[in-house]
Amino acid sequence: MFNQLLINGLIAGAIYALVASGFSLIYSVCKFVHFAHGVVIALAGYFLYFLFSIVGLNFGFSIILAIIFASLSGFLINQIVYRQLRKRKAGNTILLIASVALLIFFESLILILFGADVKTIGYIKIAKGIEIFKAIITPLQIVIIAVSIILLVVLFLFMKKTKIGKAMRAVADNKDVAEIVGISSEKIYSWSFIIGSAIAGIAGILVGLEQNLEPTMGTNLIIKGFTAAIIGGISSVPGSILGAFLLGFAENFGIWFLPSGYKDAIAFIILFIFLLFRPQGIIANQSGKGSRVK
Amino acid sequence: MLKIKNLRSGYNGIEVLHGVDFEIKPAEIVAIIGPNGSGKSTLLKSIFNLCEIYSGAIIFKDKDITKLPTHYLIQEGISYVPQGRQIFSNLTVKENLEMGCFIMDDHEIFKRNVSDVFSKFPVLKERQNDLALHLSGGEQQMLAIARALVQDPELLLLDEPSLGLAPKIMKEIFEKIVEINKEGVSIIIVEQNAKQAVEIAHRTYVLENGSIVLEGGKEILKDERIKNIYFGGE
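Residues numbered from 1 in each chain as written. Chains lettered and ligands numbered in written order. Predicted model: local features only at pLDDT ≥ 70, side-chain atom pairs only at ≥ 80, totals over all residues. Heavy atoms only, no water.

## A word on the interface of chain B and chain A
Part 1 of the reasoning: In this assembly, 25 residues from chain B lie in contact with 23 residues from chain A.
Part 2 of the reasoning: Between chain B and chain A lies a buried interface of about 2100 Å² when both sides are counted; carbon and sulfur atoms form 57% of it.
Part 3 of the reasoning: Linking chain B with chain A are three salt bridges.
Part 4 of the reasoning: Between Arg169(A) and Glu95(B) there is a salt bridge, with its nearest N and O atoms 2.7 Å apart.
Part 5 of the reasoning: Inspection of the region where chain B meets chain A yields seven residue pairs in polar contact (both at pLDDT 80 or more).
Part 6 of the reasoning: Looking at the side of chain B that touches chain A, the elements that each hand over two or more residues are α2 (70–76) and α3 (93–100) of chain B.
Part 7 of the reasoning: Among the elements that make up the side of chain B that touches chain A, the one with the highest residue count is α3(B) (four residues).
Part 8 of the reasoning: Looking at side-chain class alone, the side of chain B that touches chain A contains 13 nonpolar, seven polar and five charged residues. (Contact = heavy atoms within 4.5 Å. Buried area = accessible area lost by both parts, 1.4 Å probe. Salt bridge = Lys/Arg side-chain N within 4 Å of Asp/Glu carboxyl O. Polar contact = N/O pair within 3.5 Å; in protein donor to acceptor, adjacent residues only side chain to side chain. Helix = DSSP H or I, 4+ residues; strand = E, 2+ residues; numbered from the N terminus. Nonpolar A, V, L, I, M, F, W, Y, C, P; charged D, E, K, R; others polar.)

Following this line, the structure appears as structure tokens:
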């Protein structure tokens, strides 16, 4: 039982980590809560369903197109909505409201286009699980954990080693100084949306394959991603990944004490506890302490 | 080298500078002093296109650079060090310098500039892999200046480099500024700390309520008006 819950927690954590890392990457660079990140996840899943199950394209090709589609939709959401609002000097609260509006808008759009019923991509036939350490795990679940870990390592190296990655950290740290050395913050915002949304797209594909597609999947996942980010420290990408795995374990071990229907409640309780007692999260970022060019 | 003609600028439609004329010649240190809110920082920000310019012109090496974007100004040879030890605190010292060179594509030039800067500030070389937030106040200010110097500027704009530093560290920073100037970099320095700034400067402008009220060399400190503004209590 323990081992099974551990593995289930790991699988959930791997998915949440993909959601939370992109979300907190965008938060740390752009400094506002992009709830519509959730719907980018759903868009990727549905686009894969459309290409593979309806149009009948090759599976690998569909996956690549779905990731590009997710990345592009994140980029366009920023360009068409957020950027225009920023130009009109909109504050973070307005951007937050806009992001909720976008979430509802795109979910409704999915509802109109695909209907409310659950869709299955159906590439992977229900496979028999493999038994490891008295716990059962399916091959797809192993793939989910592996893809998640590989992606997070790649993201980490990207942020540490590449010029764009460093510039993203620089803008996250102090946007005004970044502008002074010639880093265009708008360009870096675009990059954070492109990269964060691509990761969201991969999360959407994995969820779509593992579970099913439903129009509200984005909202469900972004709530988990948001909770994970708050637990770990919203402006720290490694922190939010840590928070994601903690949340995955907490939810699954919670079933030990509570009926499984309380899974989502556990996430919310943890969210409230952290918002009340440690809103900065486990890993608090030390940047931006009143440092502003005035 | 840089000439400002009848500059009017400010923020959100409110004029702070009311027609300022200013000039700096090659290899000069020019100090701008004046009471709080007189528009000293605004003058630097106008040069670096960080505030609104309503009229007037800024000419750098016979080129009109008014309202040009930042990366263009850096390429032209102007670098700006903002007030208050502005650094990327969660980046390492070396990464901070790398970000200073963000707009340059040539890695060799970057390496050369960084080693030049390290020889000027050996303490930064020692701590190159530390996060900038772990540096002391003086070291952070040196890092902010170093980040501008890796851009290899001809004109350096310094906004209150001594702000909030201990007198001993302040003296060190001023010595570095003179040293940088001796290598041929023109420097405009805005200072609260009038006496020290005037002493290292070749010329000084005094700003009051957005206009220049006085201009001169070191003798300016003896002027009655300056004494009234700054040293009334002494």
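## Considering the sheet that holds strand β9 (residues 203–208) of chain B
Residue and element names in this part refer to chain B.
Part 1 of the reasoning: Reading across the sheet, the six strands line up as β6-β7-β8-β3-β9-β10 and stay open at both edges, with mixed pairing between neighbours. Both edges of this open sheet fall to β6 (78–81) and β10 (211–216), since each of them pairs with a single strand only. Averaged over all pairs of adjacent strands, the angle between strand axes in this sheet comes to 15°, irrespective of strand direction.
Part 2 of the reasoning: Judged from the four bridges that link them, β6 and strand β7 (residues 155–159) form a sheet pairing that is parallel. Each bridged residue has a counterpart across the sheet, and for Val81 the counterpart in β7 is Leu158. (Pairing = 2+ DSSP bridges. Axes fitted to C-alpha atoms, helices over the stretch in contact; angles between N-to-C directions.)

## Quick word on the environment of Gly100(B)
Part 1 of the reasoning: Relative to the assigned elements, Gly100(B) resides in helix α3.
Part 2 of the reasoning: Linking Gly100(B) and Ala144(B), residues 44 residues apart in sequence, is a C-alpha distance of 9.3 Å.
Part 3 of the reasoning: Not counting the four nearest positions on each side in its chain, Gly100(B) is found in contact with Val181(A), Arg147(B), Val150(B) and Gln151(B).

## Side note on the pairing of strand β2 (residues 14–24) of chain B
Looking along a regular strand, one sees side chains alternate from face to face of the sheet.
Part 1 of the reasoning: Of the pairings in the sheet, the one linking strand β1 (residues 2–11) of chain B to β2(B) comprises eight bridges and is antiparallel in character. Residue Lys3(B) lies in a different strand from β2(B), and its bridge partner there is Glu23(B).

## Topic: a nonpolar patch on the surface
Residues and elements named next belong to chain A.
Part 1 of the reasoning: Together, Met1, Phe2, Leu6, Trp256, Phe257, Leu258 and Tyr262 line one region of the surface with nonpolar side chains, adding up to about 800 Å² of accessible area.
Part 2 of the reasoning: With respect to the element layout, Leu258 can be found in the loop between α10 (237–254) and α11 (263–277).
Part 3 of the reasoning: Judged by its relative accessible area of 38%, Leu258 is partly exposed. (Patch = residues over 30% accessible without salt bridge, like charges linked within 9 Å, V, L, I, M, F, W, Y side chains within 5 Å. Areas by Shrake-Rupley, 256 points an atom, 1.4 Å probe, with all protein chains shown as cover. Buried < 20%, exposed > 50% of the residue type's maximum accessible area, 1.4 Å probe, protein only.)

## Notes on unusual backbone geometry
Part 1 of the reasoning: With phi around 60°, Lys89(A) is a residue other than glycine that occupies positive phi space.
Part 2 of the reasoning: Residue position: Lys89(A) is located in the loop between α3 (59–87) and α4 (92–114).
Part 3 of the reasoning: Located in the positive-phi region is Asn49(B), a residue other than glycine, with phi close to 60°.
Part 4 of the reasoning: The residue Asn49(B) is located in the loop between α1 (40–47) and β4 (52–60) in this model.

## A look at the nonpolar core
Part 1 of the reasoning: With 124 residues, the main nonpolar core has Tyr82(A), Ile183(A), Leu2(B), Phe22(B), Ile78(B), Leu157(B) and Ile188(B) as its most contacted residues.
Part 2 of the reasoning: Ignoring anything within four residues of it in the chain, the contact list for Leu2(B) reads Phe22(B), Glu23(B), Ile24(B), Ile47(B), Ile58(B), Ile59(B), Phe60(B), Ile65(B), Leu155(B) and Ile188(B).
Part 3 of the reasoning: Core analysis: the second largest hydrophobic core is formed by 46 residues, Met104(B), Leu124(B), Leu214(B) and Ile226(B) among them. (Core = buried A, V, L, I, M, F, W, Y, C linked by side-chain atoms within 4.5 Å.)

## Quick word on the sheet that holds β2(B)
All names here are of chain B.
Part 1 of the reasoning: The strand order β2-β1-β4-β5 describes an open sheet built from four strands, whose pairing is antiparallel. The open sheet has two edge strands, β2 and β5 (63–64), and neither has a second partner.
Part 2 of the reasoning: α1 rests against β1, β2 and β4 of the sheet, and its axis sits at about 110° to β1.

## Remarks on the packing of aromatic side chains
Note on aromatic pairs: each is described by the distance of the centres and the angle between the planes.
Part 1 of the reasoning: Scanning the model with the defined rule gives 18 aromatic pairs over all chains in all.
Part 2 of the reasoning: Between the aromatic rings of Phe22(B) and Tyr205(B), the centroid separation amounts to 4.6 Å while the plane-to-plane angle is 35°, which identifies the pairing as tilted. Residue Phe22(B) is located in strand β2, and its partner Tyr205(B) is located in strand β9; the two are separated by 183 residues in the primary sequence.
Part 3 of the reasoning: On the basis of relative accessibility, which here comes to 3%, the residue Phe22(B) falls in the buried class.
Part 4 of the reasoning: Through pairs of rings, three or more aromatic residues link up here, namely Phe2(A), Phe249(A), Phe253(A) and Trp256(A).
Part 5 of the reasoning: The ring of Phe102(B) has Lys163(A) sitting right over it, with the charged end atom 5.0 Å from the ring centre.
Part 6 of the reasoning: Geometry around Phe88(B) places Arg147(B) over its ring, the cationic atom sitting 5.8 Å from the centre. (Phe/Tyr/Trp six-rings, centres within 6.5 Å; stacked < 30°, edge-to-face > 60°. Lys NZ or Arg CZ within 6 Å of the ring centre and 35° of its normal.)

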